[in-house]
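# Secondary and tertiary structure notes
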Amino acid sequence: MKTLIKNATLVNEGMECTASVLIEDEIIKEVYTDGTFDESLLSGDNEEIVVLDAQGMLLLPGVIDDHVHMRDPGLTHKADMDTETCAAAAGGVTSVMDMPNVVPQTTTLEQWQEKMNYAAQHCHVNYAMYLGATNDNLEEVKRIDTQRIPALKLFMGSSTGGMLVDKEDLLRQIFSQCPTLIMTHCEDTDRINERMAEAKQSQGEDPGVEWHPWIRDDEACYRSSALAVRLAKETGARLHIAHITTARELELLPAEGEPGKGSITAEVCPQHLFFCDEDYGRLGTLIKCNPSIKSEKDREALRQAVREGRIDVIGTDHAPHLLSEKQGGAAKAVSGMPLVQFSLPLMLTLADKGVLSRTRLVEMMCHNPARLFGIKERGFVRPGYKADLTLVRPETWAVQEQDILSKCGWSPLTGETLEWKVARTWCNGHMVYDGEQVDRAYKGEELRF
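An account of the accompanying structure is given in this report. Fair warning: this is a prediction, and the values are worked out from it, not measured in the lab. (Residues numbered from 1 in each chain as written. Predicted model: local features only at pLDDT ≥ 70, side-chain atom pairs only at ≥ 80, totals over all residues. Heavy atoms only, no water.)

Mapped onto the fold, D312 is located in the loop between α11 (296-308) and β14 (313-314). Note on D312: relative accessible area 10%, which makes it buried. There is a polar contact of 3.0 Å between the side chain of D312 and the backbone nitrogen of A266. If we skip the residues at most four places from it in the chain, D312 touches K261, T265, A266, R360, M364 and N368. (Helix = DSSP H or I, 4+ residues; strand = E, 2+ residues; numbered from the N terminus. Buried < 20%, exposed > 50% of the residue type's maximum accessible area, 1.4 Å probe, protein only. Polar contact = N/O pair within 3.5 Å; in protein donor to acceptor, adjacent residues only side chain to side chain. Contact = heavy atoms within 4.5 Å.)

Here we come to the sheet that holds strand β13 (residues 264-268). Spatially, six strands are ordered β9-β10-β11-β12-β13-β14 in an open sheet, and the strand pairing comes out parallel. In this open sheet, the two edge strands, each paired with only one partner strand, are β9 (131-132) and β14. Here β9 runs beside strand β10 (residues 152-155); their pairing, made up of two bridges, is parallel. The partner of G132 across the bridge, within β10, is K153. Together, β11 (182-185), β12 (239-241) and β13 form the strand contacts of helix α7 (residues 218-235), whose direction differs from that of β12 by roughly 170°. (Pairing = 2+ DSSP bridges. Axes fitted to C-alpha atoms, helices over the stretch in contact; angles between N-to-C directions.)

Taken together, the three strands give an open sheet; going across it, the order is β6-β7-β8, and neighbouring strands pair in parallel fashion. Edge positions in the sheet fall to β6 (63-68) and β8 (126-129), since each of these pairs with one other strand and no more. Put simply, the sheet's adjacent strands are angled 20° from each other on average, direction ignored. Here β6 runs beside strand β7 (residues 93-98); their pairing, made up of four bridges, is parallel. Residue V68 lies in a different strand from β7, and its bridge partner there is D98. In this fold helix α13 (residues 358-373) packs onto β6 and β7, with an angle of close to 65° to the strand it touches most, β6.

What follows deals with unusual backbone geometry. Geometrically, the link from D72 to P73 is a cis peptide bond, its omega value of 15° lying close to zero. Look at the link from V103 to P104: it is a cis peptide, with omega at 0°. For P104, the location among the structural elements is in the loop between β7 and α2 (109-122). In the Ramachandran plot, E377 falls in the positive-phi region, its phi being about 60° despite a non-glycine side chain.

Shown next as structure tokens:
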């Protein structure tokens with residue numbers, strides 16, 4: 001089976017150009033970037049060839065989302081591997097990397113393997129699963145298979161799932177002995193608890209959601225991220241800080257060309273590039289997440305860091321909850337939001353507004369996740385690589401509830417106007433999304449590192 005995507009605007013490896021891409025079975029066979037493709041080259045070929053004219057559309061490598069919570073197993077009332085990878089496919093995301101704070105937590109290699117076995121039967125895009133750190137599983141951590149597990153997820157601040165590890169002596173052991181990348185959630189629990197107590201004293205048991213960025217403030221983030229960076233430098237560990245949210249934390253990150261750039265990296269989420277604290281009045285707890293969405297000044301600093309290359313990866317922290325669980329304020333409403341389906345159209349819309357270039361977007365959503373985690377044969381449009389591709393077309397549209405494929409059925413972007421729409425998604429050469437429906441019979445592959 002061959003597929004020819006012709007006349008697309010290819011965005012790949014720092015360039016935008018007219019190109020045609022030939023897919024053969026699971027693999028990118030050829031990339032023609034001279035602006036023309038002579039279809040007579042395929043004459044006499046006995047195989048069926050599907051030809052798609054993509055003039056006016058952008059062709060990108062499939063997005064690799066390094067940070068999703070599919071809630072499977074144990075929390076499937078709000079999300080599961082089937083529904084969330086359908087949402088991913090419809091969003092141009094061809095690979096997802098799932099977090100360990102499920103039920104039971106993915107903190108042993110046996111639990112990890114059980115989760116992988118289940119994923120093979122239920123994920124419609126490619127997948128990988130993190131192992132989670134706890135206060136007593138260092139021996140499991142030391143046995144990580146670095147070719148199959150992308151990283152160790154380490155919660156250095158309290159969040160969803162009760163996997164807090166914040167004692168410095170134990171953290172140092174983990175940083176010293178972990179054989180792979182360490183991906184951290186950085187917020188200082190003592191600071192958060194102190195601020196929550198103060199807020200409750202003045203506002204009652206459930207302060208309004210507008211207090212959330214005051215409780216989980218820049219100091220809470222900075223303290224924890226600074227500790228992670230210090231431990232990484234002292235032990236030589238590879239550190240990837242998840243969901244950076246503050247201008248202050250950016251001071252901790254090496255810039256392009258500075259020492260330590262390759263071993264200390266960071267992720268930013270679309271919600272922290274799009275929203276700011278002024279949006280709590282409009283959207284309330286729909287945008288309550290950990291770390292919190294902060295000030296307009298912080299948002300602008302993050303945008304600047306994205307343009308400058310100080311932040312490496314855009315990942316969603318896709319974290320579905322039922323709307324009933326989002327009721328309340330800063331104390332009672334749960335934190336997290338679903339975003340995997342709309343992250344690429346949102347980021348392309350921000351690119352149109354000058355927040356970042358399209359080549360930088362592809363660098364952060366496709367190339368850099370592949371580089372950072374060492375993903376084999378994905379993340380680039382190159383001959384010989386797996387044919388993970390997404391085609392997007394310019395279209396002004398507003399997100400509606402009926403568009404949402406995540407099981408939770410809502411999005412913080414409902415009603416927002418986006419300027420790009422996913423037209424096709426190929427996963428391993430298979431068209432898993434045709435612009436209208438996801439092929440739920442198709443199953444993705446395990447990522448290898």
